[in-house]
Amino acid sequence: MRRTYLAALLALFHTAAGSFGGSPTFAGNGAFTGNAAGGFPEARETLPHESAAAETLRFTPATAPEIRFVGRAARSDDGALSFDWSGSYFSFRFEGTRCAMRAADSKRNYYNVFVDGKPHGKVTAEGPAKTIVLAEGLPHGVHTVLVQKRTEGEQGRTTLFAVGSDGPLLDAPQAPGRHIEFIGDSHTCGYGTEGKFPKEPFTPETENCDLAWGCIIARYFDADYTLIAHSGQGIVRNWGDEKEVSDCTMRERVARTFDMEETPLWDFAQYRPDIVVIKLGSNDFSEGVAPSEEAFNASYAQALRQIRAAYGDVPVLCVAPAENTTVYGYLQTFLREQQDSALHCTVMTPGITDWGNDMGANFHPNHRGHRKLASAIIPYIATITGWEMPEKVVY
């Protein structure tokens, strides 16, 4: 019976090529175990390919409890998970030597693959559904695999149909018990982190959220994370917009299931983080008109109201970017106006990074620069949450 079921399941995934199937329903969370919707400088790239050996893999549907998904996603009627936010990730445990995922992508996205807690390689999801090998030739035994979307929503939406392995899937990895939600822009997305020099043009291949400040902080605290971030976005005004108040900024995107789609709205009941960290303001003051304090704080207040409606009195830490001291002044006024005891503010002091060795592509921080940014915020999160600061390297 099991062999017949698996054969039927494999046939379903092979005929699902390119299909995102069905009407989406909400799925995903920060401790998601189914029933819904370091660094990599030396990482080996494994190109997506169909493997003849895939026929010998045992495929398990993406929404099975053995697969732990963290992030915002929607589940199609056929049980597939669709998602586009940067940093979305899933993990699983299996006994064997080889594993793969069955996935499709509306454009092209890059994924980091970690095996047993160590960087293993990079894979690509692109176009119609295919079997993408995540790891092979591993020593026979029990392995834990984590697959992380390193590129942001503009690069496309991935649909995950199933995970395959040459041995049985085991119980899903345990949740760490902590969850940080980061709301931000290109710095949170890891835009250009793998670039080699500041004047190098950005390409999606150089984007790696895992090397950016948010993921570094989550790793330090051994916490789950969600990245609600989009390059070029502000809280009131986006990069280069001629208007003081842009039509759509992170104040609207924060309510979405998908970064690139207005609907469906996200079901905030799916998870509740321990703290929300917002780092916005750089793009608001890009070339052209600068937003007034009134307009800036009004947009911030709109975003805060959504967070409060969704998460209650969860602590919110507002971080002013280093390159614009005006934002910090605005935020100090904002805190006084809000009279919210769970609302906090800090600033990444100007000069915390340099414009040479700390920069990747297009004058955005590389891993070296992001480690400095993360180190500036870690003590505030520890104080606000009461978490201890372990004596460990920030990486």
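Details of the structure are given in the entry above.
Residues numbered from 1 in each chain as written. Predicted model: local features only at pLDDT ≥ 70, side-chain atom pairs only at ≥ 80, totals over all residues. Heavy atoms only, no water.

A. Representation of the overall build of the protein. The secondary structure content of the protein amounts to seven helices and 15 strands. In the protein, which comprises 395 residues, the share counted as buried stands at 58%. For the protein, the accessible area works out to roughly 15,700 Å², and carbon and sulfur atoms hold 51% of it. (Helix = DSSP H or I, 4+ residues; strand = E, 2+ residues; numbered from the N terminus. Buried < 20%, exposed > 50% of the residue type's maximum accessible area, 1.4 Å probe, protein only. Areas by Shrake-Rupley, 256 points an atom, 1.4 Å probe, with all protein chains shown as cover.)

B. The packing of helix α5 (residues 293–311) against helix α6 (residues 325–338), seen in detail. Packing of α5 against α6 leaves a shortest axis separation of 10 Å and a crossing angle of 55°. The orientation of α5 relative to α6 falls into the category oblique. Between α5 and α6 the crossing geometry is right-handed. Between α5 and α6, the residues in contact are Glu293, Phe296, Asn297, Tyr300, Ala301 and Leu304 and Val327, Gly329, Tyr330, Leu331, Thr333, Phe334, Glu337 and Gln338, respectively. (Axes fitted to C-alpha atoms, helices over the stretch in contact; angles between N-to-C directions. Parallel < 35°, antiparallel > 145°, perpendicular 65-115°, else oblique. Left-handed = near helix turned anticlockwise from the far one by under 90°. Contact = heavy atoms within 4.5 Å.)

C. Examining the environment of Gly234 more closely. Looking at where Gly234 falls in the secondary structure, it is placed in the loop between β12 (224–229) and α4 (250–253). Classification of Gly234 as buried rests on a relative accessible area of 0%. Placed 46 residues apart in sequence, Gly234 and Leu280 show a C-alpha to C-alpha distance of 5.7 Å. Excluding residues that lie within four positions of it along the chain, Gly234 makes contacts with Thr249, Met250, Leu280, Asn283 and Asp284.

D. Broad picture of α6. Taking 1.5 Å as the rise per residue, α6 with 14 residues should run 20 Å; its terminal C-alpha atoms sit 20 Å apart, in good agreement. Residues Val327, Tyr330, Leu331, Thr333 and Phe334 constitute the buried set of α6. All buried residues of α6 fall inside an arc of 160° around its axis, so they share one side. For α6, exposure combined with an orientation more than 90 degrees from the buried face picks out Thr325 and Arg336. Tucked into the core, α6 has its buried residues touching α5, β14 (316–320) and β15 (343–347). At the N-terminal end of α6, a side-chain oxygen is found 2.9 Å from the backbone nitrogen of Thr326, two or three residues along, and the residue is Asn324. Looking one or two residues past α6, Gln339 carries a phi angle of roughly 50°, positive in sign. (Expected span 1.5 Å × (residues − 1). Arc of directions from axis to C-beta. Polar contact = N/O pair within 3.5 Å; in protein donor to acceptor, adjacent residues only side chain to side chain.)

E. Here's a closer look at the side chain of Arg253. Relative to the helices and strands, Arg253 is located in helix α4. The contacts of Arg253, once residues within four sequence positions are left out, are Arg72, Trp85, Ile228, His230, Gln233, Cys248, Asp259 and Met260.

F. A look at α5. Helix length check: α5 (19 residues) gives 26 Å between terminal C-alpha atoms against 27 Å at 1.5 Å per residue, within 8%. Along α5, the residues classified as buried are Ala295, Phe296, Asn297, Ser299, Tyr300, Ala301, Ala303, Leu304, Ile307, Arg308 and Tyr311. As for α5, its buried residues are in contact with β11 (179–184), α4, β13 (275–279), β14, α6 and β15. Positive backbone phi, at 70°, marks Gly312, one or two positions downstream of α5.

G. Inspection of the pairing of strand β6 (residues 89–96) at higher detail. Burial runs high along β6: six of the eight residues are buried. Pairing analysis gives three bridges linking strand β3 (residues 68–70) to β6, with the strands arranged antiparallel. Within β6, the position partnered with Arg68 by the bridge is Ser91. Direction of pairing for β6 relative to strand β9 (residues 141–149): antiparallel, over a ladder of eight bridges. Bridging from a neighbouring strand, Ser91 pairs with Leu146 of β9. (Pairing = 2+ DSSP bridges.)

H. View of the nonpolar core. Judged by nonpolar contacts, the single largest core of 32 residues is most densely connected at Ile183, Val276, Ile278, Phe296, Tyr300, Val316 and Leu331. Breaking this core down by element, the ones donating at least two residues are β13, α5, β14, α6 and β15. Element by element, the count of residues in this core is highest for α5, at eight residues. Ranked by size, the runner-up nonpolar core spans 29 residues in total, among them Phe221, Ala223, Val277 and Val394. (Core = buried A, V, L, I, M, F, W, Y, C linked by side-chain atoms within 4.5 Å.)

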